[in-house]
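# What the coordinates show
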Amino acid sequence: MLTRTDSRSLLEAVQAFLFKEARLQDEHQYKAWEELWTDDAIYWVPANGDNIDPEREMSIIYDNRSRIALRVKQLMTGKHFTQSPQSRLRRIVSNIEVMGEAGDDIAVASNSMIFESSLRDDTIWAAHNEYRLRRVDGALRMAYKKVTLVNNDKALYTLSFLV
Amino acid sequence: MNMLARPPSWGDLIRPDRVHGSLYSDPAVFEAELQKIWYRTWVYVGHESEVSKPNDYVVKSIGPQSIIMTRDGDGAVHLLLNRCSHRGNHVCSFEKGNARSFTCPFHSWTFANDGRLMNYAFPDGYDGQERSDLALARVPRVDSYRGFVFASFASDGPSLKQHLGGAAETIDRLVRTSPEGEVEVTAGFLKHRVKANWKFVLENETDGYHPAFVHQSIFNVAESGIGGLYGSKSTAVTRDYGGGHTEIDLRPEFRKRDQPMSWFGTTAEKLPDYVARMEASYGKEAAREIMIDGSPHVMIFPNLFIAEIQMFVIQPLAVDDTVQHVTALQFKGAPDLNRRLRQQTMGSVGPAGFLLADDSEMYERSHRGVHALKPEWIYLGRGMHREGRDDLGFTVGHATDEVPSRGIWRHYRSLMEAP
C-alpha cells in the first residue's frame, strides 16, 4: 500500500509521462513517441463503442508493436500525403487517474481533447484514454493504450496523426 | 461555386475522353443523381449474413435515406424505410438488434418487422381507418445475389441479374474463395467520412494508375507485393463490364507467380487448415487455381466495391459529403484466413488506414481542386489508343489505363439522360 506521499509522486510521474506523450504527438516527434512503447505493446482505437472485441470486429487502429513501427515508418517517409503537410495539433490531457497497480504495471485513465487543423478543415477530437504504463529501468513506458473516441460510432474523417 | 446554367446537356458535360469538373461540384447535379441513379437503379444495401437469425435487423442506407433491413420470423428479408407513417419519425434509432416489431417513440405506433402497422395508440381516435394503408414504406424491388442484397426504388426496370450482367461472375469468383462458397459480413463496419464528391471515391476504386504514387509511402516501408501489380510493366488488366461495373483483373500477375495464396501476400504453408478445406471442397486442382487467382477487385456500380479482402459501400450524403463503410470480408469455413483478413483490413483501410488515409486525402484535394474553373475538364484519355476486347467482348486495357472511368461515365450518362 502506497503512502500518501508515494501516491502523490506516482500521480506526478504518470502525469509528466502523459504530458510528454501529448507533446511528442502534437509536435510529430514520431521516433521519440515510438520509443515510449514496450516491446509487447498494443495500441488500440476501437470503433462502434467502448467494448467491442478487437479480435473479432473492426477497430480504427489495433496495432501490435511491429505495426506501431510500420505506422511510424510510413509517417517518416514524408510521402504519407495525408500528413504532408502535417496537421497542426494541440491537445489538452486531463482527468488523469491512477486506477490500479500490479507489479511494475500501472493502470491509468485520462481524457483528451485534440484540436486538429488540416487542409480539409479544423476538427475537434475527444477521447477517453486507458493506459497500462510500466516501470522499466526507472522510467515509465507504455505497454497498452486504448483511445476511445467519444464519437467512434459515427462516420469519422481521416485520422492520420498520432492520437 | 462551379455552377452551370440549367438545364445541362449531359452530352456536353460527358465526352468520351473527358468530363466536366462541375459534375463533381454542382449541388444541382447531385440532386439530379439522387433521382436518376440512387433512387432508381439497383443499389447494394446489405448482406443476408448481417441478419442471420429470425427477427434480426440492421440499419442501412440508400444515399441519405435510412433503410431498415430486417429478417422476419419466417426468414424473409425486408427493406423498410425508417420513417413512421404517422409523422415521419425514425421508428428505429439503434444500428442493429433483434426485434419482432418497431415502436415509434413519438405516438407509439407499432410496426411488425415486415412493415405492417400492428397498432396505434388510443385507437378510438381513428374511426375505421384502414391499418394496411399505413404500413412502413418498402423499397419496391429487392433481390439478392449470393447473399448480397440489392434494392431499386424503380417499380420496374432491368432485373438485378440484368443489372449485374457480366460483373456477376466476379461475385461468383469472390464466393469461391470460401470453402463453403459463401461470404459473411460479420466483422462490423468502419465508417470513413470524406469531404468530397462520391464519384471521386467511385472512380478511384478501379483506378490502377494512382497506387504507385499515392501509396508509395506504405509500399516502400511494408515490403508489400502490391506495388508491382500497378506498375507500368504490369500484366494485370482493367475491364469495363458495361452497366458502370469495372474491374482491375489481377489474375494475369498472380498466374505468373503461380503460387497459391500469393494474391494475399502469403503462402499455402501458412494457412494449412484453409488449404485443406479448399481442396476438400473443390478438389486439389481447382482449389489450387482458385487460390492462385485470388479474390476479385471489382466496383459494382454505384456503391459496392470488393477489394480482394475487404468490401466498401459508398454512401453519398451531399455533393461534398461521402461515407465509405468498410469491413473485412469473411469467408465461411475459413477461420484462419478470416483472422488475417480482419487484421490486414484494419491496417489498410478506414480513417487511420495505411492506404485509405492517403486515398481520402486525394479525394478531398481533387474536390477542392475542381472549384477552380479552368481547364474545366477532367481528362480521362489514358490508354484510349490501346483498348482491346477480351474473350467475352468486354473492353480491357492496361492495369493503369482509364478504361474503368470511361466505362463508369458512359453508363452514368445513359442513366442521367434517361427520361
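Residues numbered from 1 in each chain as written. Chains lettered and ligands numbered in written order. Predicted model: local features only at pLDDT ≥ 70, side-chain atom pairs only at ≥ 80, totals over all residues. Heavy atoms only, no water.

## A closer look at the pattern of salt bridges
Residues and elements named next belong to chain B. Let me state the cut-off plainly: The salt bridge definition used is simple: a Lys or Arg side-chain nitrogen within 4 Å of an Asp or Glu carboxyl oxygen. Classification of residues uses two cut-offs on accessible area relative to the type maximum, computed with a 1.4 Å probe and protein chains only: under 20% is buried, over 50% is exposed, and between them is partly exposed. A run of H or I in DSSP counts as a helix once it spans at least four residues, and a run of E counts as a strand once it spans at least two, with each numbered from the N terminus.
The final tally for this structure, using the stated rule, is 38 salt bridges over all chains. Taking the shortest distance from any N to any O, the salt bridge between R239 and E247 comes out at 2.7 Å. Judged by relative accessible area, E247 falls into the buried class, the value being 0%. The shortest N-O distance in the salt bridge between R365 and E361 comes to 2.9 Å. Pair noted here: R365 and E361 are both in helix α13 (residues 356-369), with a separation of four residues, about one helical turn. Given a relative accessible area of 8%, E361 falls into the buried group. Here the salt bridges share partners, and the residues they tie into one network are E169, R173, R239, E247, D249, R251 and D390.

## Brief notes about the domain arrangement of chain B
Residues and elements named next belong to chain B. To be explicit about the condition: An automatic or database domain assignment provides the domain bounds reported here. In what follows, a contact means two residues having at least one pair of non-hydrogen atoms within 4.5 Å. By buried area we mean how much accessible surface two parts lose on assembly, using a 1.4 Å probe and totalling the loss over both. Whenever two N or O atoms come within 3.5 Å, that pair is a polar contact, provided that in protein one can donate a hydrogen and the other can accept it, and provided that, for residues adjacent in sequence, both atoms are side-chain atoms.
As assigned here, chain B comprises domain 1 (47-152) and domain 2 (165-417). Computed from C-alpha coordinates alone, the two centres of domain 1 and domain 2 are separated by 33 Å. Taken together, the contact pairs 12 residues of domain 1 with 17 residues of domain 2. Roughly 1,200 Å² is buried in total at the junction of domain 1 and domain 2, and carbon and sulfur atoms are behind 65% of that figure. When the buried area of domain 1 at its contact with domain 2 is split by residue, Y145, R146 and F148 rank highest and sum to 41% of it. Taken together, the connections running from domain 1 to domain 2 amount to seven residue pairs in polar contact (both at pLDDT 80 or more). Those elements that provide at least two residues to the side of domain 1 that touches domain 2 are β4 (56-62) and β12 (148-152).

## Focus: the packing of helix α3 (residues 27-38) of chain B against helix α14 (residues 403-417) of chain B
Residues and elements named next belong to chain B. Heads up, the rule is: Axes, fitted as lines to C-alpha atoms, cover a helix only where it is in contact. Angles between the N-to-C directions of the axes lie from 0 to 180 degrees. Working definition: roughly parallel below 35 degrees, roughly antiparallel above 145 degrees, roughly perpendicular at 65 to 115 degrees, and oblique for all remaining angles. When residue character is reported, Ala, Val, Leu, Ile, Met, Phe, Trp, Tyr, Cys and Pro are called nonpolar, Asp, Glu, Lys and Arg charged, and the others, Gly included, polar.
It is at 9 Å that the axes of α3 and α14 come closest, and there the two elements cross at 85 degrees. Compared by their axis directions, α3 and α14 come out roughly perpendicular. Contacts from V29, A32, E33, K36 and I37 of α3 reach α14 at Y412, L415 and M416. Its residues assigned to classes, the contact of α3 with α14 shows six nonpolar, no polar and two charged.

## Notes on the side chain of B:H163
Structurally, the position occupied by B:H163 is in helix α4 (residues 160-164). If near-sequence neighbours (up to four positions away) are discounted, B:H163 is found in contact with B:T41, B:W42, B:H245 and B:F301.

## Points about the pairing of strand β3 (residues 88-102) of chain A
Residue and element names in this part refer to chain A. Put simply, the test is: Following DSSP output, two strands are said to pair if at least two bridges run between them.
Sheet topology note: the β3/strand β4 (residues 105-117) ladder contains 12 bridges and is antiparallel. For S94, the partnering residue across the bridge sits in β4 and is N111. Hairpin connection between β3 and β4: a loop of two residues separates the two successive antiparallel strands, and G103 in this loop has a positive phi of roughly 60 degrees.

## A word on the interface of chain A and chain B
Facing 34 residues of chain A, the contacting portion of chain B comprises 39 residues. The junction of chain A with chain B conceals about 3,200 Å² of combined surface from both sides, 55% of it contributed by carbon and sulfur atoms. Linking chain A to chain B there are two salt bridges. Close ionic contact of A:R120 with B:E364 constitutes a salt bridge, the shortest N to O distance being 3.6 Å. For the pair chain A and chain B, the number of links is 20 residue pairs in polar contact (both at pLDDT 80 or more). Looking at the side of chain A that touches chain B, the elements that each hand over two or more residues are β2 (59-64) and α3 (65-76) of chain A. At five residues, α3(A) tops the list of elements feeding residues into the side of chain A that touches chain B. When grouped by side-chain class, the residues that make up the side of chain A that touches chain B number 14 nonpolar, nine polar and 11 charged.

## Observations regarding the environment of B:F213
Residues and elements named next belong to chain B. Among the structural elements, F213 can be located in helix α7 (residues 211-214). Relative accessible area serves as the criterion here: at 47%, F213 is assigned to the partly exposed category. Separated by 14 residues in the primary sequence, F213 and G227 have C-alpha atoms spaced 9.5 Å apart.

## Some points on helix α5 (residues 168-175) of chain B
Note on helix geometry: an α-helix contains 3.6 residues per turn, so any two residues three or four positions apart are oriented the same way. Of all eight residues in α5(B), six are buried; the element is thus mostly enclosed. Listed as buried for α5(B) are B:A168, B:T170, B:I171, B:R173, B:L174 and B:V175.

## With respect to helix α10 (residues 272-282) of chain B
Residues and elements named next belong to chain B. Heads up, the condition is: Our arc is simply the arc of the directions from the helix axis toward the C-beta atoms.
For α10, every residue scored as buried is listed here: Y274, V275 and M278. Buried positions in α10, seen along its axis, are confined to an arc of 95 degrees and lie on one side of it. The exposed set on the far side of α10, more than 90 degrees from its buried face, consists of P272, D273 and A280. Tucked inside the fold, the buried residues of α10 contact α11 (284-293) and α12 (335-348). Phi for G283, located one or two positions after α10, is positive at around 85 degrees.

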